[in-house]
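Observations on chain architecture
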Amino acid sequence: MPDSVLILCSLPSILALLLIFILIKRKRRRLNLPPGNMGWPFLGETIGYLKPYSATSIGEFMEQHISRYGKIYKSNLFGEPTIVSADAGLNRFILQNEGRLFECSYPRSIGGILGKWSMLVLVGDMHRDMRSISLNFLSHARLRTHLLREVEKHTLLVLNSWKENCTFSDQDEAKKFTFNLMAKHIMSMDPGMPETEQLKKEYVTFMKGVVSAPLNFPGTAYRRALQSRSTILKFIEHKMEDRIQKMKEGGEEMEDDDLLGWVLKHSNLSTEQILDLILTLLFAGHETSSVAIALAIYFLQGCPAAVQQLREEHLEIARPKKQSGEMELNWDDYRKMDFTQCVINETLRLGNVVRFLHRKALKDVRYRGYDIPCGWKVLPVIAAVHLDALLFDQPRQFNPWRWQNNGARESSSSCPSMTTSNIFLPFGGGPRLCAGSELAKLEMAVFIHHLVLNYHWELADMDQAFAFPFVDFPKGLPIRVQHHTFI
């Protein structure tokens, strides 16, 4: 066939491809992206976004961008084109459409250190199955019958070790409490034992890497964290092998006292999946709860009226129990801690332990006239909503009384459609709502109960919470305590 004829025959196909290309380009040009700045190539605006700032603010970067572009803007963060949302409505829309329009999409470095089977990075059916296991073990019945007792036991273990007029890091004490609780809860490890202390040491190294830059070179915190991860997983696997052997020897008589035993008896997870599940729950159950407790103690020391009202509430619970000879808290006692729940809510709102979430658009999405292209990263910034002056009166002020009257917020009348459940999302929302949210609130309430009944405390040195973006106290929140028995 002559070349001219071949070219002529191919011309319609070439023209069709050219037309498709032009239509695609036109479609892309018609996208109405939010305003914003994509920053430097590859780095984008990541460095500015992650610059440390006061945890009771949204930081200079967010303030400037919201002022310039509005509550929904585009950027380039973590090496990807990103839509950033400080809008309460869009944040809830994102979380409620998990798996349909959006899905979890954390940086690869997080999956590399927590594991590919970590609940934090899993999506779809596998995440649902892992979360279901966690919810079954953290059921309401188990909280009432087993975990409340363990939480109180570990609270007293920490508080009873405090010496009169001594100065110490409250953040370290909170971490000691939550780590010991989770180690006992997950693998029946007793506090103070050599194996528990060794695991804690490795875990501290691991955590430093989780919050560091993901530079996998010799000597970096990330490399040391990967090494500690390997050591921790070997430790957990050894515990698994011992438990399996005991199950074989004891048959069905073995009790499901901890998560490891429960998973081995009631799930079909592989060894690798169980290891990543346990590591993730140790991370999630220890780190976030300890920061929340430290934040509560920090905020309360600056609000004597709240401490006094807490003390009165807990005295009403403790006095009748002492007269009747009861020693331990029960679920009815916990349900009476109304103002305590207000303090917990306000601590989580103002401190924002989890400041933003990582999501990705699964398809082209249009929201209030803006386009969110398929494949783009989406960051719902929970802290920006919690600290929005249009939604909360004097948002940077610690005011637990705002949560009275069934948790009604003090908000602007310009946002009548916003209810508390729409704007207050300290544990996320939708299908990925934190499985341990009720346990976290229980831990805070019981710790506060015994703290206000037995101690006065004050800051021993000036310190405040910063977002790195993980919330942390640079000096560890040094406090000085005096023992007082108010019962």
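Here goes a summary of the coordinates provided. (Residues numbered from 1 in each chain as written. Predicted model: local features only at pLDDT ≥ 70, side-chain atom pairs only at ≥ 80, totals over all residues. Heavy atoms only, no water.)

Concerning the nonpolar core
If you look at the biggest cluster of nonpolar residues, it comprises 123 residues, and the most contacted ones within it are Met62, Trp162 and Trp457. The residues contacting tryptophan 162, other than those within four sequence positions of it, are Phe168, Asp170, Glu173, Phe447, Leu451, Tyr455 and Val481. (Core = buried A, V, L, I, M, F, W, Y, C linked by side-chain atoms within 4.5 Å. Buried < 20%, exposed > 50% of the residue type's maximum accessible area, 1.4 Å probe, protein only. Contact = heavy atoms within 4.5 Å.)

Here's the deal with the environment of alanine 296
With respect to the secondary-structure elements, alanine 296 resides in helix H12 (residues 271-301). The spacing of alanine 296 and methionine 444 is 148 residues in sequence and 8.3 Å in space, taken between C-alpha atoms. Beyond its immediate stretch of four places on either side in the chain, alanine 296 contacts Thr347 and Met444. (Helix = DSSP H or I, 4+ residues; strand = E, 2+ residues; numbered from the N terminus.)

What to know about a nonpolar patch on the surface
A contiguous nonpolar surface patch, about 560 Å² in accessible area, is contributed by Trp40, Phe42, Leu43 and Ile47. Mapped onto the elements, isoleucine 47 comes out in helix H2 (residues 46-49). (Patch = residues over 30% accessible without salt bridge, like charges linked within 9 Å, V, L, I, M, F, W, Y side chains within 5 Å. Areas by Shrake-Rupley, 256 points an atom, 1.4 Å probe, with all protein chains shown as cover. Salt bridge = Lys/Arg side-chain N within 4 Å of Asp/Glu carboxyl O.)

With respect to helix H6 (residues 124-137)
Look at H6: 21 Å from first C-alpha to last across 14 residues, which is about the 20 Å you get at 1.5 Å a residue. Taken as a whole, H6 has its buried residues at His127, Met130, Arg131, Ile133, Ser134 and Phe137. Seen end-on, H6 carries its buried residues on one side only, within an arc spanning 150 degrees. Residues of H6 that are exposed and point more than 90 degrees away from the buried face comprise Gly124 and Asp125. Buried residues along H6 sit in contact with helix H7 (140-159), helix H8 (170-187), helix H11 (259-266) and H12. (Expected span 1.5 Å × (residues − 1). Arc of directions from axis to C-beta.)

Points about the packing of helix H9 (residues 194-210) against H12
Packing of H9 against H12 leaves a shortest axis separation of 12 Å and a crossing angle of 85 degrees. Overall, the two elements H9 and H12 adopt an arrangement that is roughly perpendicular. Where H9 approaches H12, its residues Tyr203, Phe206, Met207 and Val210 are matched on the opposing element by Leu279, Leu282, Phe283, His286 and Glu287. The residue inventory of the contact of H9 with H12, partitioned by class, reads seven nonpolar, one polar and one charged. (Axes fitted to C-alpha atoms, helices over the stretch in contact; angles between N-to-C directions. Parallel < 35°, antiparallel > 145°, perpendicular 65-115°, else oblique. Nonpolar A, V, L, I, M, F, W, Y, C, P; charged D, E, K, R; others polar.)

Some remarks on the environment of alanine 292
With respect to the secondary-structure elements, alanine 292 resides in helix H12. Leave out the neighbours within four places in its chain, and alanine 292 touches Thr347, Leu348, Val353 and Met444.

Side note on the pattern of salt bridges
Tallied over the full model, the rule gives 22 salt bridges. Across the pair aspartate 258 and arginine 243 runs a salt bridge, and its minimum N-O distance is 2.8 Å. Of the two residues, aspartate 258 sits in the loop between helix H10 (221-250) and H11 while arginine 243 sits in helix H10, which places them 15 residues apart along the sequence. Classification of aspartate 258 by relative accessible area gives buried; the value is 1%. Residue classification places arginine 243 among the buried residues on the basis of a relative accessible area of 12%. Taking the shortest distance from any N to any O, the salt bridge between aspartate 461 and lysine 475 comes out at 3.4 Å. Placement of aspartate 461 in the loop between strand E10 (455-459) and strand E11 (466-467) and of lysine 475 in the loop between strand E12 (471-472) and strand E13 (478-483) is noted, with a sequence separation of 14 residues between them. Residue classification places aspartate 461 among the partly exposed positions, given a relative accessible area of 37%. Exposure remark for lysine 475: the relative accessible area of 47% places this residue in the partly exposed category.

Quick notes on helix H4 (residues 88-96)
Turning to H4, its buried residues number three or more, namely Ala88, Gly89, Leu90, Asn91, Ile94 and Leu95. Sitting at the amino-terminal end of H4 is aspartate 87, which places a side-chain oxygen 3.1 Å from the backbone nitrogen of glycine 89. (Polar contact = N/O pair within 3.5 Å; in protein donor to acceptor, adjacent residues only side chain to side chain.)

Side note on the sheet that holds strand E5 (residues 167-169)
Here three strands make up an open sheet; going across it, the order is E5-E13-E10 and the pairing antiparallel. Edge strands, defined here as strands with exactly one partner in the open sheet, are E5 and E10. Strand-to-strand twist in this sheet, taken as the mean axis angle between neighbours without regard to direction, amounts to 40 degrees. (Pairing = 2+ DSSP bridges.)

So, unusual backbone geometry
Excluding glycine, residues mostly carry a negative phi; peptide bonds, for their part, are mostly trans. One non-glycine residue with positive phi stands out, namely serine 188, at about 55 degrees. Looking at where serine 188 falls in the secondary structure, it is placed in the loop between H8 and H9. Although it is not a glycine, arginine 368 adopts a positive phi angle of roughly 50 degrees. Its location among the elements puts arginine 368 in the loop between strand E7 (365-367) and strand E8 (370-372). Arginine 368 sits in the exposed class, given a relative accessible area of 61%.

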